[in-house]
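Residue strings, one per chain:
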Amino acid sequence: MPTIRPFEEAHIDRALDLWRATEHIGLSSADEPQHLKAFLGRNRGCSYVALQESRLVGACLCGHDGRRGYIHHLAVAESHRRRRLGIQLLGSCLEALREAGIPKCHAFVFHASPYGKLFWEPTGWERRDDLLIYSMYS
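So, here is what we can say about the structure in this document.

Scoring rules and cut-offs
- Residues numbered from 1 in each chain as written.
- Predicted model: local features only at pLDDT ≥ 70, side-chain atom pairs only at ≥ 80, totals over all residues.
- Heavy atoms only, no water.
- Pairing = 2+ DSSP bridges.
- Helix = DSSP H or I, 4+ residues; strand = E, 2+ residues; numbered from the N terminus.
- Axes fitted to C-alpha atoms, helices over the stretch in contact; angles between N-to-C directions.
- Contact = heavy atoms within 4.5 Å.
- Buried < 20%, exposed > 50% of the residue type's maximum accessible area, 1.4 Å probe, protein only.
- Phe/Tyr/Trp six-rings, centres within 6.5 Å; stacked < 30°, edge-to-face > 60°.

**Things to note about the sheet that holds strand S4 (residues 69-76)**
And then number 1: In space, the five strands of this open sheet follow the order S1-S2-S3-S4-S5, with mixed pairing throughout. Only two strands of the sheet have a single neighbouring strand rather than two, namely strand S1 (3-6) and strand S5 (105-107). Direction aside, neighbouring strands of the sheet carry axes that sit 25° apart on average.
And then number 2: Pairing of S4 with S5 involves three bridges; the strand directions are parallel. Within the sheet, the bridge partner assigned to Gly-69 lies in S5 and is Cys-105.
And then number 3: Sheet strands touched by helix H2 (residues 33-42): strand S3 (55-64) and S4. Its angle to S3, the strand with the most contacts, is close to 60°.
And then number 4: Across the face of the sheet, helix H3 (residues 85-99) comes into contact with S1, strand S2 (48-52), S3, S4 and S5 while running at roughly 160° to S4.

This is how it looks when you write it as structure tokens:
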């Protein structure tokens, strides 16, 4: 059974390998190791990984702005899916947000991803079609 642990800098390369191997996970220049290291530092204890011995089999990047939480890149290795590992990772992230006094969280999911209906909606997350997200690289 995998162990859920806080996401640390030492996990970044293996998490990137998992995310690259997972369809419907979109990576950008904001996900380069130095940026992930900074994100983890600013959001200490909010992100989690799942380890099967030394193999990283799940990862969830989570942070907040002091008001709302944000979930990015929740992924579980195909070999470990359908074991509630994603639910456990997400639960650890949400507990960390609650401990930080953050009552609400948003998850970023691509429209083309089938996981909105398969994972997020059955676990109680409300799909928001009333919002658009605009992005810009500075």
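Read on for the rest.
**With respect to the environment of Glu-99**
And then number 1: Inspection of the secondary structure assignment puts Glu-99 in helix H3.
And then number 2: Relative accessible area serves as the criterion here: at 64%, Glu-99 is assigned to the exposed category.
And then number 3: Spatially, the C-alpha atom of Glu-99 lies 9.6 Å from that of Cys-46, the residues being 53 residues apart in sequence.

**So, the packing of aromatic side chains**
Two numbers describe a pair of aromatic rings. These are the distance of the centres and the angle of the planes.
And then number 1: One pass over the full model with this rule turns up four aromatic pairs.
And then number 2: Ring geometry for Phe-119 against Trp-120: centres 5.0 Å apart, planes inclined by 85°, an arrangement best described as edge-to-face. No difference in accessibility class separates Phe-119 from Trp-120, as the two residues are buried.
And then number 3: Where Trp-120 meets Trp-125, the ring centres are 4.9 Å apart and the plane angle is 80°; that geometry is what we call edge-to-face. Exposure class is identical for Trp-120 and Trp-125. Each is buried.
And then number 4: Every member of this aromatic cluster is reached through a ring pair, and the members are Phe-119, Trp-120 and Trp-125.

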